[in-house]
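# Residue-level structural notes
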Amino acid sequence: MNRAYELSGANLITAHDVVKDFSGHRALNNVSLKVPEGSIYGLLGPNGAGKTTLLRIINQITAPDHGSVLFEGNPIGPEHRSMIGYLPEERGLYKKMKVGEQALYLAQLKGLSKQEAMKRLKVWFKKFEIGAWWDKKVEELSKGMAQKVQFITTVLHEPRLLIFDEPFSGFDPINVNLLKHEILQMKEQGATIIFSTHNMESVEELCDHITLINKSETILEGEISEIREKYSTDTYSVHFTGDKNKLTNGLDSRFELVQLEENGYGPQATIRIKEGDGTGDLIRNLVEVTEIRSFKEILPSMNDIFIQVVNDASQKNDLPT
Amino acid sequence: MSKITLIIKREYLTRIRKKSFIIMSVLGPFIFAAYIIIPMYFATLEDKDEKMVVVIDDSKLFTEYGPEGPAFVIPGTEFLKFQVVEGVPLETFKLGFEESGYYALLFIPSNILASESSLIYSTNQTSVEVTGYIRRTMESEIEHLKLASHDIEGIEKIIAEVETSINVTNIKWTRDGETKQTNTGVVMGVGYLGGMLIFFFVFFFGSQVMRGVIEEKVSRIIEVIISSVKPFQLMMGKIIGVGLTGLTQFVVWIFFSALLITGLKTAFFSELNQTPTEQVVASNLFDQDASSAAPETGPEGLNNEDLDKAQEIFTSLKSINAGVMIGAFLFYFIFGYLLYAAMFAVIGSMVDNETDTQQLILPVILPLILGLYVMINAINNPDGALPFWFSLIPFTSPVVMMVRIPFGVPWWQVAVSGSLLVGTFLGMTWVASKVYRTGILMYGKKSSYKEIWKWLRYSS
């Protein structure tokens with residue numbers, strides 16, 4: 001139907017063993033990643049992990065010391081610049097320049113003709129309700145207003161790859177929703193989106209794939225659903241009716257009752273399977289002692305996984321010698 | 001439109017639309033004119049105070065007795081008058097001299113011929129001009145008296161015949177044996193003006209490049225721009241855009257200066273519709289061979305001497321090959337600017353704010369200032385060793401060569417100097433672009449020249 005469908009499975013961006021050194025400090029150490037076409041790809045990691053350096057390399061702002069970056073299987077080059085839109089974490093516009101003039105200039109640098117840029121800008125300015133700012137200087141705008149303008153200049157040339165570094169920081173919840181909506185719509189139209197963030201909620205909400213970088217190295221990579229599966233602790237939430245003591249006493253020793261509480265829907269138990277793949281056994285056991293109203297696996301949140309993986313990694317590195 | 005053209009266009013348009021550009025364009029010629037006129041005005045102010053010097057002439061050698069009583073033999077000037085008093089002792093003036101209204105008291109002792117000294121008394125320091133005038137006139141008067149004392153027949157006539165004032169005219173021989181009359185002062189002035197203009201242009205617009213780079217870095221727009229264009233394109237676009245702004249300002253200044261001169265002329269000299277000087281100018285400028293047709297004798301209002309002077313100035317101007325001069329000016333103007341602008345761009349890329357530039361900028365402007373000093377030296381001796389070498393060194397040649405060219409420079413020297421300048425410009429731009437692309441992404445680094453070496457070794 002559309003390009004995203006046809007090329008599903010192909011990778012738009014492939015990075016192989018990327019290494020980047022800055023005077024004695026290794027910013028990236030053999031980082032590899034594959035960004036599937038049409039996906040929203042989350043680049044996660046603590047501050048100073050090397051995310052921005054990797055994004056700069058993909059944007060050809062800096063070049064890697066070793067390794068390579070491919071765009072649709074070809075080494076990335078100047079011809080790809082107009083196919084990428086980049087919203088850096090540190091936002092900035094020419095302060096003394098007028099909003100409209102500046103948006104036109106940035107669009108033309110990305111290869112749009114003046115007429116085409118003008119046409120598209122009118123649509124976007126209307127959509128974001130900022131038409132009145134056209135002749136204002138950037139220094140007259142608030143920070144949030146300037147960020148809206150910058151978002152528009154990032155996406156205006158309808159690039160195949162969009163790279164957002166912390167796109168939601170500095171926006172109010174209403175505008176965050178507006179942006180999320182636009183980002184999802186661009187995905188719909190076939191764009192591939194890489195975005196780097198600390199906001200794990202938005203990662204769960206938007207991303208299909210993630211890479212977690214810590215201290216210059218990849219420590220976790222894959223589809224979100226797979227990762228959450230992988231980090232599942234075999235813990236289940238059970239709503240039931242019946243005697244709570246019967247459950248406490250009747251539970252097999254293979255299962256651990258983590259928590260038992262009563263809420264508006266009746267009693268709820270959190271149970272972990274200590275050994276084996278015994279979901280069936282657990283249900284059978286539960287049926288004997290209670291009447292199950294709902295049974296659901298508790299998957300770890302991306303937030304938990306992030307903290308767990310980063311802590312594990314630093315423990316490994318910080319082992320006493 | 002190519003990306004570099006877009007960048008040049010933005011740099012150019014945002015700059016020429018600035019209020020400061022428009023104000024400088026209009027006020028520039030006035031400021032320059034003020035630089036020339038104000039000191040002249042002050043100089044004339046000084047002279048307009050009439051000074052009365054009272055003279056006590058004990059020697060009686062300097063006093064003439066006319067119908068109006070005793071008078072000083074040395075004539076006064078427009079603003080300096082002498083009054084001889086007799087029979088009043090020196091001491092009576094001592095008290096209350098300030099209130100007497102006299103500027104100074106000149107005391108000529110009776111033994112002036114032997115002692116060759118006189119005294120000037122005053123309450124304030126007497127000016128060098130007044131002292132100098134009195135010294136010069138008394139010297140020549142005493143010389144006359146001494147000569148006259150030898151009792152030679154017809155001595156007055158002899159003295160009048162002996163007095164001479166020499167006028168030195170410079171004639172230059174060209175290779176083809178042609179002779180050209182030159183006025184060293186005029187030739188010097190043209191070279192000096194050219195060198196000065198290049199100095200100011202490089203300095204002023206070079207720092208604008210630097211400020212532009214800092215602006216992009218501080219506002220953080222740099223990352224967006226260089227994800228669209230190569231850092232080299234951005235740097236060159238900025239340098240060229242700012243350079244064009246400078247050229248525009250220059251052209252506007254010439255235009256306004258012409259307007260200003262025409263305006264002043266019509267305001268003050270409207271009664272002389274076309275002065276003989278103008279005729280000379282016209283015949284010299286528009287008809288190279290018609291200089292002999294210039295009027296030999298001036299009409300009323302201008303004497304022959306003035307006319308000769310004007311004639312001399314314009315023949316001197318003509319002796320400078322205008323094509324070579326303009327060509328050389330444009331060449332050194334453009335490449336001198338390009339060379340320095342690349343260095344200024346590097347400094348801009350190294351810092352996070354403008355105050356940090358101060359220590360880094362010194363090594364860059366030092367050769368420029370050195371060039372200025374050598375240029376001033378070169379005015380006295382344009383073919384000396386110092387101007388020769390500094391007109392070849394690319395960092396100083398744009399300023400120094402300009403002052404040498406009007407005096408005539410062997411073509412091979414211009415060729416060597418020119419190719420060294422272009423070569424250095426290319427090398428410097430290559431180095432600058434390497435440092436620049438690293439520098440613009442660095443924040444919070446302590447900027448030093450040591451850091452440059454590190455950045456140079458980074459891969460792109």
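Because the structure is predicted, anything quoted here is derived from the model rather than measured.

Residues and elements named next belong to chain B. A cluster of nonpolar side chains, namely Ile22, Ile23, Met24, Val26, Leu27, Phe30 and Ile31, defines an oily patch on the protein surface of about 560 Å² accessible area. Along the chain, the position of Val26 falls in helix α2 (residues 19-47). Of the residues examined, Val26 reaches a relative accessible area of 33% and is grouped as partly exposed.

Its place among the elements puts A:Phe71 in strand β4 (residues 66-71). Residues A:Phe71 and A:Asn11 lie 60 residues apart in sequence; the distance between their C-alpha atoms is 8.2 Å.

Quick look at the sheet that holds strand β7 (residues 161-165) of chain A now. All names here are of chain A. Spatially, the six strands line up as an open sheet ordered β6-β7-β8-β3-β9-β10, and their pairing is mixed. In this open sheet, the two strands that pair with only one neighbour each are β6 (84-87) and β10 (217-223). Recorded for the sheet is a direction-independent mean angle of 15° between the axes of neighbouring strands. In this structure, strand β9 (residues 209-214) lies alongside β10, joined through six bridges in antiparallel fashion. Note on β10: the bridge partner recorded for Ile213 is Thr218. Lying on the sheet, helix α2 (residues 51-58) is in contact with β3 (40-44), β6, β7, β8 (192-196) and β9; it crosses β7 at an angle near 155°.

The geometry of an aromatic ring pair is captured by two quantities: the separation of the ring centres and the angle between the planes. All names here are of chain B. This model, assessed by the stated rule, comprises 29 aromatic pairs over all chains. When the ring of Phe93 is compared with that of Phe97, the centres are 6.5 Å apart and the planes differ by 75°; the resulting orientation is edge-to-face. With a relative accessible area of 14%, Phe93 lands in the buried category. Measuring from centroid to centroid gives 5.0 Å for Phe331 and Phe335, while their planes differ by 40°, and the two rings are tilted.

How each quantity is defined
- Residues numbered from 1 in each chain as written.
- Chains lettered and ligands numbered in written order.
- Predicted model: local features only at pLDDT ≥ 70, side-chain atom pairs only at ≥ 80, totals over all residues.
- Heavy atoms only, no water.
- Patch = residues over 30% accessible without salt bridge, like charges linked within 9 Å, V, L, I, M, F, W, Y side chains within 5 Å.
- Areas by Shrake-Rupley, 256 points an atom, 1.4 Å probe, with all protein chains shown as cover.
- Salt bridge = Lys/Arg side-chain N within 4 Å of Asp/Glu carboxyl O.
- Helix = DSSP H or I, 4+ residues; strand = E, 2+ residues; numbered from the N terminus.
- Buried < 20%, exposed > 50% of the residue type's maximum accessible area, 1.4 Å probe, protein only.
- Pairing = 2+ DSSP bridges.
- Axes fitted to C-alpha atoms, helices over the stretch in contact; angles between N-to-C directions.
- Contact = heavy atoms within 4.5 Å.
- Phe/Tyr/Trp six-rings, centres within 6.5 Å; stacked < 30°, edge-to-face > 60°.

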